[in-house]
Amino acid sequence: MRTLGLIGGMSWVSTSTYYERINRFVQRSIGKTSSAPMLIESLDFSRIYRAQTNEDWQHATDVIADSAERLVKAGAEMIVIGANSMHKVYRDVEARIETPILHIAECVGAQMAADGIERASLIGTRNVMTESFYRRRLVSHGVDLLPPDMDNVEQLDRIIYEELMLGKASQDARRALKSMFTNMQKEGAQAVILACTELELVVDVDANILPVYDCTAIHADAAARWIIGDE
């Protein structure tokens, strides 16, 4: 098996999800006593929390790129950034290291294309929902995305940062997501793209009004397949 480097801590909740899902995949594929060779650096999320200005994002780039460099020096053969929103700095981080980085939106777009999904709604943090760095990757796989509803953007940003990243999962948040999904279906979405690692705390990905593409799960599974040499 090959050694994966995981940049985590954004938040710690998502890091535990990545670690568990990758190891369960390896265990199922290789054997009951097998576990994934991984190097993990869990960052202090408060250093890059809610980056907004160009200066903030340059700082975030430096923090994540420095982490990637340390993981590569320690022996990582592939890097995973365990956060959707931080893929905004993907290209700048990629330029700093020779080791490949597995892009989350590329994994998701490829899966949706294989499933024949042509129209979907993207939900996550504000920058994921409204900026092009994530959306264009999905569109390049033939997925037409509904325009972001700014009321949903505000509500989701609050739920993610003020509840889910603290490990809280309220009934109000669950009800809010269900209502959003109902409206998205009415607007013609064939699926919902869950582009925040913490949203699975309040979304039942297996029993919903629309098919749900859990980006964390898809990303983690792709990383696990790489570890065992399936791709």
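Residue numbers restart at each chain and count upward from 1, following the sequence in its written direction. Per-residue local features of the predicted model are confined to residues with pLDDT of at least 70, and side-chain atom pairs are confined, for both listing and counting, to 80 or more; whole-chain, interface and lining totals are unaffected and use all residues. Excluded from the side-chain calculation are hydrogens and water; included are all heavy atoms of the structure.

As recorded in an unreviewed UniProt entry, the chain goes by the name Amino acid racemase, listed as coming from Aurantiacibacter rhizosphaerae. UniProt positions are given in the numbering used here, feature names are shortened, and annotations may be inferred rather than shown by experiment. As recorded by UniProt, the Sequence similarities (unreviewed entry) comment attached to the chain reads in full: "Belongs to the aspartate/glutamate racemases family."

**Q** Got a minute to help me understand the pattern of salt bridges in this structure?
**A** Pairing is possible between side chains of opposite charge, provided their charged atoms come close. A pairing counts as a salt bridge when a side-chain nitrogen of Lys or Arg comes within 4 Å of a carboxyl oxygen of Asp or Glu. Applying the stated criterion to the full structure yields 13 salt bridges. Of the charged contacts in the structure, one is a salt bridge between Arg 70 and Glu 41, with a shortest N-O distance of 2.5 Å. Taken together, the positions of Arg 70 in helix H2 (residues 54-74) and Glu 41 in strand E2 (residues 38-42) put the pair 29 residues apart, joining distant regions of the chain. By relative accessible area, which is 42% here, Arg 70 ends up partly exposed. Secondary structure elements follow DSSP: runs of H or I no shorter than four residues count as helices, runs of E no shorter than two count as strands, and numbering proceeds from the N terminus. Per-residue accessibility, obtained with a 1.4 Å probe over protein chains only, is compared with the maximum for each type, and a residue is labelled buried under 20%, exposed over 50%, and partly exposed between these values.

**Q** It is not clear to me how the nonpolar core should be interpreted in this structure. Could you clarify?
**A** When a protein is soluble and globular, its nonpolar side chains tend to lie buried together. Grouped together as the largest cluster of nonpolar side chains are 48 residues, with contacts concentrated most on Met 10, Ile 64, Met 86, Ile 123 and Phe 181. Contributions of two or more residues to this core are made by H2, strand E3 (78-81), helix H3 (90-94), helix H7 (150-162), helix H8 (171-186) and strand E6 (191-195). In terms of residue count, the dominant contributor to this core is H2 (7 residues). A domain split of this core shows at least three residues from each of domain 1 (4-103 + 218-228) and domain 2 (105-215). Sequence-distant contacts of Ile 123, that is, excluding residues within four places in its chain, are made with Met 129, Leu 156, Leu 177, Phe 181, Met 184, Val 192, Ile 193, Leu 194, Ala 195, Cys 196 and Leu 199. As used here, the term nonpolar core means buried Ala, Val, Leu, Ile, Met, Phe, Trp, Tyr and Cys residues forming a set that is joined through side-chain atoms within 4.5 Å. Counting residues in each nonpolar core, the second largest holds 38 residues, with Met 78, Tyr 134, Cys 215 and Ile 218 among its members. Residue ranges assigned to each domain were obtained from an automatic or database domain assignment. Should any heavy atoms of two residues lie within 4.5 Å, those residues are counted as being in contact.

**Q** What should I look at first to understand the sheet that holds E3 in this one?
**A** Backbone hydrogen bonds hold the strands of a sheet together, and the pairing may be parallel or antiparallel. Only when DSSP finds a minimum of two bridges between them are two strands counted as paired. Reading across the sheet, the 3 strands line up as E2-E1-E3 and stay open at both edges, with parallel pairing between neighbours. Two strands in the sheet have a free side with no partner beyond their single neighbour: E2 and E3. Put simply, the sheet's adjacent strands are angled 20° from each other on average, direction ignored. In this analysis, axes come from line fits to C-alpha atoms, helices being fitted only over the stretch in contact, and the angle between any two N-to-C directions falls in the range 0 to 180 degrees.

**Q** Explanation requested: the pairing of E2 in the structure shown.
**A** On a regular strand, each side chain points to the face opposite its neighbour's, so the side chains alternate between the two faces of the sheet. Where strand E1 (residues 4-8) lies against E2, 5 bridges are found, and the strand directions are parallel. Pairing of Leu 4 across the sheet is with Met 38, part of E2. Here a crossover is taken to be right-handed if, once the strands point away from the viewer, the path from the first strand over the helix to the second is traced clockwise. For the crossover that starts at E1, traverses helix H1 (residues 12-30) and ends in the parallel E2, the hand is right-handed.

**Q** What is the right way to look at the packing of aromatic side chains in this model?
**A** Two descriptors summarise a pair of aromatic rings, namely the distance from one centre to the other and the angle between the planes of the rings. The aromatic pairing rule takes the rings of Phe, Tyr and Trp, using the six-membered ring of Trp, and pairs them if the centres are within 6.5 Å, calling planes under 30 degrees apart stacked, those over 60 edge-to-face and the rest tilted. Following the criterion strictly, the structure yields 1 aromatic pair and no others. Relative to Tyr 134, the ring of Phe 133 lies with its centre 6.3 Å away and its plane at 85°, an arrangement referred to as edge-to-face. Each member of the pair Phe 133 and Tyr 134 is classed as buried.

**Q** What exactly am I supposed to notice about the sheet that holds strand E4 (residues 119-124) here?
**A** The 4 strands are arranged E5-E4-E6-E7 in an open sheet whose pairing can be described as parallel. The open sheet terminates on both sides in strands that have one partner only, identified here as strand E5 (144-145) and strand E7 (212-214). Along the sheet, helix H9 (residues 215-228) makes contact with E6 and E7, crossing E7 at roughly 50°.

**Q** Help me out: how do you make sense of H9 in this one?
**A** One full turn of an α-helix is made of 3.6 residues, so residues set three or four places apart face in the same direction. For H9, which comprises 14 residues, the first-to-last C-alpha distance of 20 Å matches the rise-based estimate of 20 Å (1.5 Å per residue) to within 8%. In terms of residue burial, H9 counts as a mostly covered element, since 13 of its 14 residues are buried. A 3.5 Å cut-off defines polar contacts: any pair of N or O atoms within that distance qualifies, except that in protein one atom must be a possible hydrogen donor and the other a possible acceptor, and neighbouring residues in sequence count only when both atoms are side-chain atoms. Sitting at the head of H9, Asp 214 places a side-chain oxygen 3.2 Å from the backbone nitrogen of Thr 216. Two residues or fewer past H9, Gly 229 is found with a positive phi of approximately 85°. Multiplying 1.5 Å by the helix residue count minus one yields the expected span of that helix.

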